[in-house]
Amino acid sequence: MNLGRSIRINKCGVVILGLLFMCILYYLWSSNSANAASYAFSKNPNEINLRKLLIGSIQAAQHGGFEVVAVSKSRDLHEQSKGKTKEGANNPVTDADYRSNCVMKNGLLRIFPKLKVISEEDDRQEQCADVQLFDLDPTVLPESVTVPDERVSIDEVDVWIDPLDATQEYTERLHEYVTTMVCVAVKGVPTIGIIHNPFTMKTTWAWRGKALSESLVNLKHDADVKHPTIIVSRSHAGAVKEQSKQIFGENAQVITAGGAGFKVLQVIQNNATAYLHTTHIKKWDICAGDAILGAIGGRMSDLHNENIAYHRDTPALNPNGLLAASLSSTHEAYIKRIVESKRFVR
């Protein structure tokens, strides 16, 4: 045997090995891509995993909040007016509303392309040019919270988002009232609700009958309805204060605040026994709060004691006001007084 003879490389074999290596890389890449896609969807493209939609909705609210805070640090919010509310108050919109909408709506649609998303604001492409969307991140749910998998038909799911609740207060730098909200309605029923305060970074969420954020787990609510504390909107506080005293008695305390999301949180946190709104209100303002209250044993209804439907085919406007309480028994006692008073019946 001639050990000095040089080793000859088979070029055909090298090509085959190279192709094999590329096939392996492609398989690994496509496998990872498929896993990423399957994280959002089940094998049936017409179904959606509600646990993953919960995760995406929490991220949407939080990332929308990043835009709200970023714009607040600028000198000019580019405030415009969408007209007057029924109470005669200014109805403003800012760059923060549009940029938050871009992140929240487009972020959800990138992960769940077939999802029906209903937002307060229209898409403004000039506001979306440089916003950063998000990828689904399961770590937004703490390990201490157990959230089940549940799949439903995507045609049964409608997502309502409010990119910036309490815009008027935002323009006044009253940031404690400001929230971003996402609500998942299944067959028109508010099922998952997220209310996020971007300036405190506190996120409150609930999935009716399934799971609660840690801040909701150990909350206790008082069933005493003899000493009502009613929270109402700043925009029409005068008339509602007087009417509340007449309905609930002179012992009733009436406090005012901005933002429907903030007011629901005050009810949840025992700072108010009920939230009363006597005129029309848009569903993206209230759907998330409705879902959270339903998950903790409370109730929100219109002032005729009817549940509010959040199906895509229903009007975005709820014309009959609302009453919200953290205990269904409190709601029942208060709504009875309101119905009997006939003050808000139209």
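The rules behind the values
- Residues numbered from 1 in each chain as written.
- Predicted model: local features only at pLDDT ≥ 70, side-chain atom pairs only at ≥ 80, totals over all residues.
- Heavy atoms only, no water.
- UniProt positions renumbered as here; feature names shortened; annotations may be inferred.
- Pairing = 2+ DSSP bridges.
- Helix = DSSP H or I, 4+ residues; strand = E, 2+ residues; numbered from the N terminus.
- Axes fitted to C-alpha atoms, helices over the stretch in contact; angles between N-to-C directions.
- Contact = heavy atoms within 4.5 Å.
- Buried < 20%, exposed > 50% of the residue type's maximum accessible area, 1.4 Å probe, protein only.

An unreviewed UniProt entry lists the chain under the name Putative inositol monophosphatase 3, with Anopheles coluzzii as the source organism. Under the UniProt heading Catalytic activity (unreviewed entry), the entry covering the chain gives this text: "a myo-inositol phosphate + H2O = myo-inositol + phosphate". The heading Subcellular location (unreviewed entry) in the UniProt record of the chain holds the text "Membrane".

A. Representation of the sheet that holds strand β12 (residues 253-257) in the model. The five strands lie next to each other as β12-β11-β13-β17-β15, forming an open sheet whose pairing is mixed. The open sheet has two edge strands, β12 and β15 (299-301), and neither has a second partner. Going across the sheet, the axis of each strand differs from the next one's by a mean of 20 degrees, ignoring polarity. In this structure, strand β11 (residues 229-233) lies alongside strand β13 (residues 274-277), joined through two bridges in parallel fashion. Note on β13: the bridge partner recorded for Ile231 is Tyr275. Sitting on the sheet, helix α9 (residues 283-295) is in contact with β15 and β17 (322-325), with an inclination near 140 degrees to β15.

B. Spatial organisation of the sheet that holds strand β10 (residues 211-212). Ordered by their spatial adjacency, six strands build an open sheet running β4-β6-β7-β8-β9-β10, and the pairing between neighbours is mixed. The open sheet has two free edges, formed respectively by β4 (116-119) and β10, since each of these has just one partner strand. In this structure, strand β6 (residues 157-165) lies alongside strand β7 (residues 179-186), joined through seven bridges in antiparallel fashion. Directly across from Trp160, in β7, lies its bridge partner Cys183. Contacts between helix α2 (residues 50-72) and the sheet are confined to β6, β7, β8 (189-197) and β9 (202-207), with β7 contributing the most and set at about 160 degrees to the helix. Where helix α3 (residues 95-111) meets the sheet, it contacts β4, β6 and β7, and its direction lies at approximately 155 degrees from that of β6.

C. Examining the UniProt feature "binding site: Mg(2+)" (unreviewed entry) in the chain more closely. What UniProt calls "binding site: Mg(2+)" (unreviewed entry) maps, in this numbering, to Glu120, Asp162, Leu164, Asp165 and Asp285. Across 166 residues of sequence, these annotated residues stay compact in space, with a maximum C-alpha separation of 9.5 Å. A relative accessible area of 1% means that Leu164 is categorised as buried. In contact with Leu164, other than residues within four places in its own chain, are Val68, Thr94, Ala96, Asp97, Glu120, Tyr170, Val178 and Thr179. The residue Asp285 is located in helix α9 in this model. For Asp285, the residues in contact, after removing those within four places along its chain, are Glu120, Asp162, Asp165, Met181, Ala260 and Gly261.

D. Fine view of the environment of Tyr334. Looking at where Tyr334 falls in the secondary structure, it is placed in helix α10 (residues 328-341). For Tyr334, a relative accessible area of 0% translates into the label buried. Residues Tyr334 and Pro228 lie 106 residues apart in sequence; the distance between their C-alpha atoms is 9.0 Å. Residues contacting Tyr334, with those up to four places away along its chain left out, are Val225, Pro228, Ile230, Phe248, Thr273, Ala274 and Leu323.

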